[in-house]
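# Examination of the molecular architecture
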Amino acid sequence: MHTKVKRALLVLLALALLVGTSTTISPLQGMREKYDLTNEPVKGISPQLALGTQVMGWARGIVISVLWIRMEALERQGRFFELVQLADWACKLTPSIPRVWDIQAWNMAYNVSSRVRWLEDRWAWVRSGIELLRDEAIPTNPNAVELYFSLAYTIHHKIGQEDDYAHPFYKRELAREMHELLGGGGDKETLGKFVEAPGTRRELLQDDDVRRFVADCAQYGFDIVEDFFLLYRDRGAVREEVLKIVDQSFNRDAFEKVAAFVRARRLRDDYSMDPQYMIKLMERYGPFDWRSPFPHAIYWASRGLDVLAEREGRFSTTADAFGLPQPYTRAELDEMHGDRETAFEFQRVRLERTIYAALQSLVAHGRMLVDSEGDVLYTWGSDYRFAGATLEFFQRALDTWGARYQSSVSTAYRHFLVRGIVEFHFMGESRRSRQYFDLLQEEFPLVLADISYDEFLQRQLREHMHGLTYSQARRQTHTLLVRSLLYMGYGELDAAGALEEQARFFAENFEDDEGLSLRERIPFGELKQTALIDLLAGGMGQIPDEVHENLRAQLESEVGEERVAQMLREVEEMRSRPMRMQELDERFMVDPTTLPSWAQ
């Protein structure tokens, strides 16, 4: 056969084979997506790096191995700033490996943040770690349950807990962000408006009133839709003509529609949060204030549980589709870990533990006092509205968790019941306190050992005080009084009364180890006046005028107007001279984030 003919036949054969194989690409791609085997490049990276992730082939594995070896060396040496850059490259080269993203986020939120001094810089690194998980890692790996856990844990632990001395600053900054975004704490009514808001600007402008309102602002060069948060942040930067249009009463409804649209869009686009899902969680657990970190931890842990449920649903069918045996039979799992154990038990328990830890934190110190600008005030108090949801969560965990997790949840449940007995007693809710005592008696009879409710309550109170020094007990009494007075200033009299009762109990019942000197008794009345003066004189940060007036009236009713004026003058004189560091340390417990502005 002639050479040219052979070549022509081979070309035709090659084309036929290409056409034939092209028909299999779509089914194969469908299988890759169905079984989570896709490896697409991360959106938004440079063209060179995107090309490298797809074309480097076997060489990419060598580069990644070298990066990992270098990253481990830098981690051992504590050179975290250099590690961040290498980890960023590793994320881009291996976007489908969740562990790489997890390491990078941890380094930013924990290792690097702890190496910088200024609070603003620390917060920037913590927030960058959170945003990396939320905005890049999870969208790239939406089925990676471990990333949802890492995000929820970082928010709960790094911002919500007190291991980092800068935690009050983190809480304040998060509260400010969410206050601006949601226009407050994000109650169900507000979120409902977000759900109903149009999905696009074009849909928004189909409303005649909104279209007219936007046009009126636009004639002065101000786009009320795109520049909404500038108006919210700094009215002084907006032209007076625009402010007059915004403040006109007949534009109120149009303004609210624009606000709902802009805030809903930013919530979804910049924070990857769904207002409908937020409402769902509030209906299940309680009235979240989304300026607090704990609802955010619950949100992302709950998202992770949803993803895990989908993975569990695909688990068996995927194995069957490929003709693979199940990793373990039900009998094998029961033998290894006891009854109720499942293949994904560990991942589910980690996520649920994060939820119940956040719920406990809400009960213990989840109540915020926030001013009109979104600034968190000095005190964080208990919020017993979440006690019922926390109790139900513990009971559900006892019914559903595998045997190897029963001990830890049982211990946490017992401690929660004991705390509830004491806390509800101080709140004046004797019925709920006794209800928790009955539950403790039913679930953990050995703890009570035939002791009565009153005897158990007194024993718990005295055990708590026994471990305190005089200065610790005095400081705790003062802290309870400050919180009580702030609640009083805000008109929350029940909470104020409960906290004052706790403070009085400490003052009247505390005895040091030597236990005899009257000089070592806690002076309740003196501490209450000191707390009032601290608040009125700005020693605990600025408080709203209305709260200030309420507290001043309270103090004047106790000691008289002339004495109050004299005490405030004395405080002003003290503030006019520099305080020695020893005085600052003793008064504010060294933590620089608790210093008022005049002492920083």
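Look up: the structure comes first, before these words.
Definitions and limits used
- Residues numbered from 1 in each chain as written.
- Predicted model: local features only at pLDDT ≥ 70, side-chain atom pairs only at ≥ 80, totals over all residues.
- Heavy atoms only, no water.
- Helix = DSSP H or I, 4+ residues; strand = E, 2+ residues; numbered from the N terminus.
- Buried < 20%, exposed > 50% of the residue type's maximum accessible area, 1.4 Å probe, protein only.
- Contact = heavy atoms within 4.5 Å.
- Core = buried A, V, L, I, M, F, W, Y, C linked by side-chain atoms within 4.5 Å.
- Salt bridge = Lys/Arg side-chain N within 4 Å of Asp/Glu carboxyl O.

Tracing the chain through its elements places Thr354 in helix H18 (residues 345–365). Overall, the relative accessible area of 6% leaves Thr354 in the buried class. Those residues within four positions of Thr354 in sequence are excluded, and the remaining contacts are Phe149, Ala152, Tyr153 and Ala301.

Grouped together as the largest cluster of nonpolar side chains are 133 residues, with contacts concentrated most on Tyr285, Phe288, Trp290 and Trp300. Of the residues forming this core, the biggest block, ten residues, is contributed by helix H20 (residues 406–426). Excluding residues that lie within four positions of it along the chain, Trp290 makes contacts with Met178, Leu182, Gly185, Gly186, Leu191, Met273, Met278, Leu281, Met282, Pro295, His296 and Tyr299. Ranked by size, the runner-up nonpolar core spans 22 residues in total, among them Val242, Leu243, Ala254 and Ala259.

Positionally, Arg462 belongs in helix H23 (residues 453–466). Along the primary structure Arg462 and Phe506 are separated by 44 residues, whereas in three dimensions their C-alpha atoms are 9.5 Å apart.

This next bit is on the environment of Lys193. Tracing the backbone through its elements, the reader meets Lys193 in helix H9 (residues 188–196). Residue classification places Lys193 among the partly exposed positions, given a relative accessible area of 41%.

Within the structure shown, the criterion is met by 28 salt bridges. Close ionic contact of Glu180 with Arg266 constitutes a salt bridge, the shortest N to O distance being 3.0 Å. Highlighted residues: Glu180 in helix H8 (residues 167–182) and Arg266 in helix H14 (residues 252–271), separated in sequence by 86 residues. Under the relative-accessibility criterion, Glu180 is labelled buried at 12%.

By themselves, these figures tell us nothing about what the structure is for.
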